[in-house]
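What the coordinates show
Chain by chain, the residues run as shown.
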Amino acid sequence: MPQEAPMVREQKYLPDPHSHFDPNGPIAKVLHWEVTEIDFQNHVLHAVAYWKFDKPGWVSLDSRGLKIKRVGTRAPGGGIPFGDYEGDELRGGKLMFEVPASLQVVIEYSTDSDPDVCTGLQWFEAADTDDKIAPMLFSQGEAINVRTYLPCQDTPQVKFTMTAVVTRPQDHNVMVRLSAIERIYAVDLKDGLHQFYLDHPIPSYLLTIFVGHFAAVKIDSVTTVYCEPSLVAQSRKVFGIVPQYTAAARALLGAYQWGEFNLLVAVWTFAFGGMENPTLTVMSKTTLHPSGANTIGHEFVHSWFGNGVTNALWCDFWLNEGFTVFIENKINQRVQGLAAARLQWALLERGYRRTVEKFADRKHQGKSELNCLRPDISQDNPDDVFGTVPYYLGAYFLRVLELDVGEHQFMAFLRLYLSEFMFGAVTTDDFLQLFEKRFPDVLANAKADKWFNGVGVPEGMPTFSSEIADEAMMCARKMIVPHQLQYEGQFVIYLEELSRERTPLSLAEEILYLADHPDPEVQCALFLFLIESGYLFKMQYSRPALFNQIEKFLATVGRMKFIGPMYRSLLRSPAGNKWVREVYARVGPTYHAGTRSILAKEFKKAPVYNTVDGSATFE
């Protein structure tokens, strides 16, 4: 078993509405994970989890869809009676047993083959990958999906060190990557065994496994990029900038403590821009262009905010993402310059205000709005309600505090915050109490309560000037073709600012060249403009290929940031509703289970239009 990491401070444990975790019971401290078989034919993992707890007693683990074969000790015949209960729809099943005096428990199990049950794993046949050489497996644990491939206390406040041994399939030309550092033993690799370790404690949602035919692209002594061979040249070109971003982050935050910062380029269905699993950050294929560098900086900063200091509960998600976006902007300023950083703040503000408009009339749980920093999500799957608010509003709140106390003082405080809570888990109250102790009365002056519990845009939310953002808005107001624009963010602002009512069809035709832009962010903004303005369906006879291009986008870009708004806009359009339902019938089955779950709610909320009289009904 690996060694338990020393505690920096005493961790306070809390009830978690998204887990069966008992804060008064035994706490898992160390994991040894053995994946004994990766069954690509049946889409099943067979594994053994060796858990070490801090004390004996009854414990409840989260276990959604797992087939529990045995619970016991390492001693021969050392079985432990257990209960494997169905649980509820939100949290899933509950595995209960009594931790013995030895504190060590062995759980043999296998995963469910149904992707709608085992939402943490996605399996691909070789034909579904880019290079079509070998099948692929990838996992996504955040927020509450690890329980579908590991019985665990699936709450972010429980953190553990780990080792792992994975048996590689012998009948496929694949490698295995984990969110841990690999121990290289030639004899093990020859026998198909991969061994891994992680000395710093992590929450369960950061445990990930990837299996596939990957090439390795060495960037520097810390970073290697893993990708399908056809993406090597593109990955080397885009991710060659990683050392600049990592150096800028270390200058701001201090030493990097995780050893390696490797990247893995995921298959197209990956629903996020990136996922900060320690030592193996997963990057969407949509980041393989120059502006994808922002995502690199964001994920690296999570090494401090999120992976190092973790939100204890999912209602405090802004502690992971708001801090990260805030520092990401400082890194961008150092690497790309002040103009690019100001453009990013302008984009953050626009994104947040759109979210406020989206939720303007939506009371959530009868208690609070989703557009505040600490919403009540106790009855929701976190994946279903997280939007841009924890990211954008969280960063803006920190910016307000920084403007009050000064950049030098605020950055000194953030380094204090990191040293105080590193490798632990915190709540919003932990942060506020530490800040109030250092800067009395600043939170009251900032009306902090409105940011955490209020409705709509908080009072005192700052605005930022950006000359290059203004240039994009000027082009839109004058309705000229934006050939002079250079930044991807400028094109996004331009397309958002074009009047849906007054833009001439001729201009809409002229800007169709942006449909071939290398950045999917720009493509998505163009498609949304065409859909929401009604021009898409006015062009259906003159530009029929445009529909094929949009369908291809929906079929090959799995990132929810892009396809979610497109589906919502098409479903609200009488002309687009029927068409996008037909598209989804063709491409929807290829999406990740989590993506399908979120889109299913959009379809349920959307009307169904009668093509004869235009009337609308709801499912």
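Read on for a plain summary of the structure. Everything quoted here is computed from the prediction, not taken from an experiment. (Residues numbered from 1 in each chain as written. Predicted model: local features only at pLDDT ≥ 70, side-chain atom pairs only at ≥ 80, totals over all residues. Heavy atoms only, no water.)

Considerations on the pattern of salt bridges
Using the criterion set out here, one finds 21 salt bridges in the structure. In this structure, E108 engages R70 in a salt bridge whose closest nitrogen and oxygen atoms are separated by 3.6 Å. Note that E108 is positioned in strand β7 (residues 104–110) and R70 in strand β4 (residues 67–72), a separation of 38 residues in sequence. On the basis of relative accessibility, which here comes to 29%, the residue E108 falls in the partly exposed class. Owing to a relative accessible area of 25%, R70 belongs among the partly exposed residues under this scheme. Between E497 and R350 there is a salt bridge, with its nearest N and O atoms 2.8 Å apart. In this pair, E497 is assigned in helix α14 (residues 488–497) and R350 in helix α6 (residues 338–358), connecting sequence segments 147 residues apart. The partly exposed category is assigned to E497, whose relative accessible area is 32%. Counted as one network, the salt bridges with shared partners bring together K330, R399, E402 and E407. (Salt bridge = Lys/Arg side-chain N within 4 Å of Asp/Glu carboxyl O. Helix = DSSP H or I, 4+ residues; strand = E, 2+ residues; numbered from the N terminus. Buried < 20%, exposed > 50% of the residue type's maximum accessible area, 1.4 Å probe, protein only.)

A look at the packing of helix α19 (residues 560–572) against helix α20 (residues 574–587)
The N-to-C vectors of α19 and α20 enclose an angle of 135°; their axes lie 6 Å apart at closest approach. Put simply, α19 runs oblique to α20. In this structure, α19 contributes Y567, L570, L571 and R572 to the contact, and α20 contributes P574, G576, N577, W579, V580, R581, Y584 and V587. (Axes fitted to C-alpha atoms, helices over the stretch in contact; angles between N-to-C directions. Parallel < 35°, antiparallel > 145°, perpendicular 65-115°, else oblique. Contact = heavy atoms within 4.5 Å.)

Examining the packing of helix α13 (residues 467–478) against α14
Two quantities define a packed helix pair, namely the angle between the helix axes and the distance between the axes. One can describe the packing of α13 onto α14 by two numbers: an axis separation of 8 Å at closest approach and a directional angle of 35°. Note that α13 runs across α14; the crossing there is right-handed. Where α13 abuts α14, its residues I468, A469, E471, A472, M473, C475 and A476 lie against Q490, I493, Y494 and E497. Here the residues of the contact of α13 with α14 are counted per class, giving eight nonpolar, one polar and two charged. (Left-handed = near helix turned anticlockwise from the far one by under 90°. Nonpolar A, V, L, I, M, F, W, Y, C, P; charged D, E, K, R; others polar.)

Observations regarding the nonpolar core
If you look at the biggest cluster of nonpolar residues, it comprises 146 residues, and the most contacted ones within it are W33, W51, F97, F239, Y417 and F431. Sorting elements by how many residues they give to this core places helix α8 (residues 389–405) first, with 10 residues. Contact partners of Y417, with chain neighbours within four places excluded, come to F305, V309, L319, F323, V426, F431 and L434. Core analysis: the next-biggest nonpolar cluster, separate from the first, contains 60 residues, M473, A476, A515 and M560 among them. (Core = buried A, V, L, I, M, F, W, Y, C linked by side-chain atoms within 4.5 Å.)

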